[in-house]
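Residue strings, one per chain:
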Amino acid sequence: MRETIIRAVSGLLYTAILVASILSSEIIFIILFYLLSLVCLVEMQKLLRLKSYALYIVQALFFYLFSFLKFNQDATILLLFITIFVNLFLVKDLIVVKKIPVFEKKKYIIIIFYLISSTIFLTLIPTIEGVFIPKLVIGIFFLIWTNDTFAYLVGKNFGKRKLYEKISPNKTIEGFLGGLIFSLLMAYAIWYYSPYLPASISEHSRFNTPLIWLGMAIILSIFGTLGDLIQSKFKRQAGVKDSGKLMPGHGGLFDRLDSIIFASPFIYAYLYILNYVS
């Protein structure tokens, strides 16, 4: 009971800080996620048994160029292609090989493109139309939280068939489907109730259609689950249960953000294509 209360309190505090920062301003939002990414970088280096100060410089440079300056769209798209390629390669490693090979050079590639640049695209999502639209990223967080919560609840109460037992014994196919279905319901609710939200989170956007929100729910459920499984495989290879101990009851910060970080470049690509063709 005490652990449940601690988990709930830390989760609510985490949610409140995220939502408040997103609503406050774009600069505060970016600064917060730079700091969160910094903690995740520390945790990821421990998982990979790597200690490189150069990666902190790379992270700061990437955030400054892409998140703050947004200096070149062609460079951003190139980074997107590389990031998606590396993430899909990790999906291949998740499914095909027993142990993800993490030789020295690959450790740097994984951290730069699996972690740092994926977080960059999370910060770019709310400005994909050229103006800061906090509703986009708030809605995405609510979708991923809905997916995680109901995947756990449905899996715990009704799950029988394992999704990927050798990596994550508690995940079930029923849980995955439950998370997906409730994410779709949440996506529709976000669209339906957006006109009644405060102006600061319900700006007019060409993305504010039910089909687009439902598409985001599907992408987040699939790639969020894959991101969680990939991180679970890294933890299993490192012989640890959690990536860290920063959040009481939850483990490390990367344990909380792994799903949305992995899914963010795919969401950005989805919205970019829609924005380009519309």
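Residues numbered from 1 in each chain as written. Predicted model: local features only at pLDDT ≥ 70, side-chain atom pairs only at ≥ 80, totals over all residues. Heavy atoms only, no water.

### Describing the overall build of the protein
No. 1: Scanning the protein from N- to C-terminus turns up nine helices and two strands.
No. 2: When each of the 278 residues of the protein is scored for burial, the buried share is 50%.
No. 3: Here the contacts in the protein between residues at least 6 apart in sequence split such that 77% fall between residues at least 24 apart.
No. 4: With an accessible surface of roughly 13,700 Å², the protein has 70% of that area assigned to carbon and sulfur atoms. (Helix = DSSP H or I, 4+ residues; strand = E, 2+ residues; numbered from the N terminus. Buried < 20%, exposed > 50% of the residue type's maximum accessible area, 1.4 Å probe, protein only. Contact = heavy atoms within 4.5 Å. Areas by Shrake-Rupley, 256 points an atom, 1.4 Å probe, with all protein chains shown as cover.)

### Comments concerning the confidence of the model for the protein
No. 1: With 90% of its residues at a pLDDT of at least 70, the protein reaches an overall mean of 88.
No. 2: In the model of the protein, helix α1 (residues 2–24) stands out as the element of lowest mean pLDDT, 77, in contrast to helix α3 (residues 54–69), which has the highest, 96. (pLDDT = per-residue confidence, 0-100.)

### Quick word on the pairing of strand β2 (residues 168–172)
No. 1: Here two bridges tie strand β1 (residues 162–164) to β2, and the two strands are oriented antiparallel to one another. For Tyr164, the partnering residue across the bridge sits in β2 and is Ser168.
No. 2: Two successive antiparallel strands, β1 and β2, enclose a turn made up of three residues. (Pairing = 2+ DSSP bridges.)

### As for α3
No. 1: If you check α3, its first and last C-alpha atoms are 21 Å apart, about what 16 residues at 1.5 Å a residue would give, namely 22 Å.
No. 2: The axis of α3 is deflected most strongly, by about 25°, at Phe63.
No. 3: All of the buried residues along α3 are Leu55, Gln59, Phe62, Phe63, Phe66 and Ser67.
No. 4: Residue Lys70 follows α3 closely and has a positive phi angle near 50°. (Expected span 1.5 Å × (residues − 1). Bend = angle between axes of the 7 residues up to and from the residue.)

### Thoughts on the pattern of salt bridges
No. 1: According to the stated counting rule, one finds six salt bridges in the structure shown.
No. 2: Residues Lys171 and Asp228 are paired through a salt bridge, measuring 2.2 Å at the closest nitrogen-oxygen approach. Linking Lys171 in strand β2 with Asp228 in helix α8 (residues 210–238), this pair joins segments that are 57 residues apart in sequence.
No. 3: For Asp255, the salt bridge is made with Lys235, and the minimal N-O distance between the two is 2.9 Å. Within this pair, whereas Asp255 is found in helix α9 (residues 253–277), its partner Lys235 is found in helix α8, the two being separated by 20 residues in sequence. (Salt bridge = Lys/Arg side-chain N within 4 Å of Asp/Glu carboxyl O.)

### Some points on the UniProt feature "transmembrane region" (unreviewed entry) in the protein
No. 1: In the numbering used here, UniProt assigns the feature "transmembrane region" (unreviewed entry) to residues 12–41, 53–71, 77–96, 108–126, 132–154, 175–193, 213–232 and 253–273.
No. 2: Annotation note: span residues 175–193, helix share 100%, strand share 0%, distance between end C-alpha atoms 27 Å. (UniProt positions renumbered as here; feature names shortened; annotations may be inferred.)

### Digging into the packing of helix α4 (residues 73–96) against α8
No. 1: Remark: α4 packs on α8, axes separated minimally by 10 Å, with the N-to-C direction vectors making an angle of 65°. Where α4 crosses over α8, the handedness of that crossing is left-handed. Contacts from Asn87, Leu88, Leu90, Val91, Asp93 and Leu94 of α4 reach α8 at Phe223, Leu226, Leu229, Ile230, Lys233 and Phe234.
No. 2: Broken down by class, the residue content of the contact of α4 with α8 amounts to nine nonpolar, one polar and two charged. (Axes fitted to C-alpha atoms, helices over the stretch in contact; angles between N-to-C directions. Left-handed = near helix turned anticlockwise from the far one by under 90°. Nonpolar A, V, L, I, M, F, W, Y, C, P; charged D, E, K, R; others polar.)

### Quick look at α8
No. 1: The end-to-end C-alpha distance of α8 is 41 Å, a good match for the 42 Å that 29 residues give at a rise of 1.5 Å each.
No. 2: For α8, the tally of buried residues reaches 22 of 29 residues, placing the bulk of the element in the interior.
No. 3: Note on α8: the residue one or two positions beyond its end, Gly239, has a positive phi of about 75°.

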